[in-house]
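# Observations on the three-dimensional arrangement
Here's the letter readout for the chains.
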Amino acid sequence: MNKENKRVDVSVYQKAKKGNYYCGDSYYFKETDEAFVCALADGLGSGELARDSSQAVMNVIEEHPPLTVESLVKKCNEVLMGKRGVVLGVLRIDFKTHTYSYSSIGNIGVITIDSEGKRSRSIPLAGYLAGYPRDLRVTRGKVHKGMKFLMFSDGVNDRRLSKHVTEARSVNFITEQYKQLYGQTRDDDTTLIAMEYQ
């Protein structure tokens, strides 16, 4: 699935684990005049219960797109009391300050690729959200034209997102290439979101 926004191009590849009808991963993205927000959650386990938890978190993000990354994660954590937990990644690009911020809890990966092709891979915080208070780490930086962000669930092997797949390529190419090369081997729910700041 591809979507051209005014300032951020987005392409998504998603497939359920082999043999499952429900994908336990849920994602949401939205661009407003002020900001772009994208979130990806993977419900613990697989199937319908995992999907319920990850979708509950996306509903929170959909209802509160102007909030900071810290506030969004806090609200997401609150709705999970009594549900299966999730791992979560949230990215926010602020168009007024030309900055980005993201947080990743559990095995949601985030890679940033600057306009020169330099890659940075953040180390997510260990654990998951399940309604209990927990620490949070937010990575921040300046956003530049041509900068890419890759966010992915643990069904994606980040070593397969090699430099030659991601460098100087459109977001659509990145997700399509991943699907062609690795779409048949799915040991887990798989979601890859490729974004480029215009």
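Every chain begins its residue count from 1, and numbering advances along the sequence as written. The predicted nature of this model means local features are confined to residues of pLDDT at least 70 and side-chain atom pairs, given and counted, to a pLDDT of 80 or more, with totals for whole chains, interfaces and linings taken over all residues. The basis for the side-chain values is all heavy atoms of the structure; hydrogens and waters are excluded.

Quick look at the side chain of Asp25 now. Following the sequence through the fold, Asp25 ends up in strand β3 (residues 25-31). Identification of polar contacts relies on pairs of N or O atoms within 3.5 Å, with a donor-acceptor requirement for protein atoms, meaning one able to donate a hydrogen and the other able to accept it, and with residues adjacent in sequence counted only if both atoms are side-chain atoms. Engagement of the side chain of Asp25 in a polar contact is seen with the side chain of Thr191, the distance being 2.8 Å. When checking whether two residues touch, look at their non-hydrogen atoms; a contact exists if any pair is within 4.5 Å. In this structure, Asp25 is in contact with Gln14, Leu40, Ala41, Asp42, Arg51, Ser54, Ser153, Asp189, Thr190 and Thr191, ignoring residues within four places of it in sequence. Helix and strand assignments come from DSSP, with helices taken as H or I runs of at least 4 residues and strands as E runs of at least 2, each series counted from the N terminus.

Next up on the list: the side chain of Ser54. Take Ser54: it is sitting in helix α1 (residues 48-63). The class of Ser54 is buried, set by a relative accessible area of 0%. Engagement of the side chain of Ser54 in a polar contact is seen with the side chain of Ser26, the distance being 2.7 Å. Setting aside anything within four residues of it in sequence, one finds Ser54 in contact with Gly24, Asp25, Ser26, Ala41, Asp42, Gly43 and Val86. The cut-offs for exposure are 20% and 50% of the maximum accessible area for each residue type, with area from a 1.4 Å probe on protein chains only; residues under the lower value are buried, those over the upper are exposed, and the others partly exposed.

Attention shifts here to the environment of Ile108. Looking at the element boundaries, Ile108 is found in the loop between β6 (99-105) and β7 (109-113). Distance in space between the C-alpha atoms of Ile108 and Lys75 is 18 Å, their sequence separation being 33 residues. Apart from residues lying up to four places away in sequence, Ile108 is in contact with Leu40, Asp42, Val87, Leu88, Gly89, Pro124, Met151, Phe152 and Ser153.

Estimated volume of the largest pocket: approximately 180 Å³. The pocket and cavity definitions rest on a 1 Å grid over protein atoms only: a 1.4 Å probe that fits but cannot leave marks a cavity, an open set with protein on both sides within 12 Å along at least five of seven lines marks a pocket, and residues lining either have an atom within 4 Å of a point. Together, 13 residues line the largest pocket, and Val73, Lys74, Asn77, Pro133 and Arg134 are the ones closest to its centre. When residue character is reported, Ala, Val, Leu, Ile, Met, Phe, Trp, Tyr, Cys and Pro are called nonpolar, Asp, Glu, Lys and Arg charged, and the others, Gly included, polar. Taken together, the residues of the lining of the largest pocket sort by class into 6 nonpolar, 2 polar and 5 charged. Grid points are joined across faces, edges and corners, and a volume is the space filled by probe spheres set on the points.

Here the focus is the confidence of the model for the chain. pLDDT expresses how confident the predictor is about each individual residue, on a scale running from 0 to 100. Predicted confidence across the chain gives a mean pLDDT of 88, with 93% of residues reaching 70 or more. Confidence, expressed as mean pLDDT per element, reaches its minimum in the chain at strand β1 (residues 2-4) with 58 and its maximum at strand β5 (residues 86-94) with 97.

The next point concerns the pattern of salt bridges. Only one rule defines a salt bridge in this text: a Lys or Arg side-chain nitrogen within 4 Å of an Asp or Glu carboxyl oxygen. Following the criterion strictly, the structure yields 3 salt bridges and no others. The residue Asp94 makes a salt bridge to Arg92 at a minimum N-O spacing of 3.6 Å. When its relative accessible area of 21% is taken as the criterion, Asp94 is described as partly exposed.

Before going further, it helps to spend a moment on helix α2 (residues 69-79). Along α2, the positions that sit buried rather than exposed are Val69, Leu72, Val73, Cys76 and Asn77. Along the long axis of α2, the arc covered by the buried residues comes to 135°, so they all point the same way. Along its buried surface, α2 packs onto β4 (35-43), α1, β5 and β6. Our arc is simply the arc of the directions from the helix axis toward the C-beta atoms.

Once that is clear, we can look at the pairing of strand β2 (residues 8-15). Among the 8 residues in β2, 6 count as buried, and that is most of the element. Sheet topology note: the β2/strand β11 (residues 190-197) ladder contains 8 bridges and is antiparallel. When the bridges of β11 are listed, Asp9 appears paired with Glu196. Strand pairing requires that DSSP identify at least two bridges connecting the strands.

Once that is clear, we can look at the nonpolar core. Here the nonpolar core consists of buried residues drawn from Ala, Val, Leu, Ile, Met, Phe, Trp, Tyr and Cys, with membership extended through side-chain atoms lying within 4.5 Å. If you look at the biggest cluster of nonpolar residues, it comprises 22 residues, and the most contacted ones within it are Phe36, Leu91, Ile93 and Met195. Broken down by secondary-structure element, the contributors of at least two residues to this core are β2, β4, β5, β6, β10 (148-152) and β11. When near neighbours in sequence (up to four residues on either side) are disregarded, Met195 contacts Val8, Asp9, Val10, Phe36, Cys38, Leu91, Met147, Lys148, Phe149, Met151 and Val171. Judged by nonpolar contacts, the second largest core, of 18 residues, contains Ala39, Val57, Val60 and Leu80.

What follows concerns the packing of aromatic side chains. Between the rings of Phe, Tyr and Trp (Trp by its six-membered ring), a pair exists once the centres lie within 6.5 Å; its type follows the angle of the planes, with under 30 degrees stacked, over 60 edge-to-face, and the other angles tilted. Summed over all chains, the structure comprises 6 aromatic pairs. Look at Tyr27 and Phe29: their rings are 6.4 Å apart centre to centre, the planes differ by 5°, and that puts the pair in the stacked class. When its relative accessible area of 12% is taken as the criterion, Phe29 is described as buried. Ring centres 6.4 Å apart and planes at 35° place the aromatic pair Phe29 and Phe36 in the tilted group. Three or more aromatic residues joined by ring pairs make a cluster, and in this case those are Tyr27, Phe29 and Phe36.

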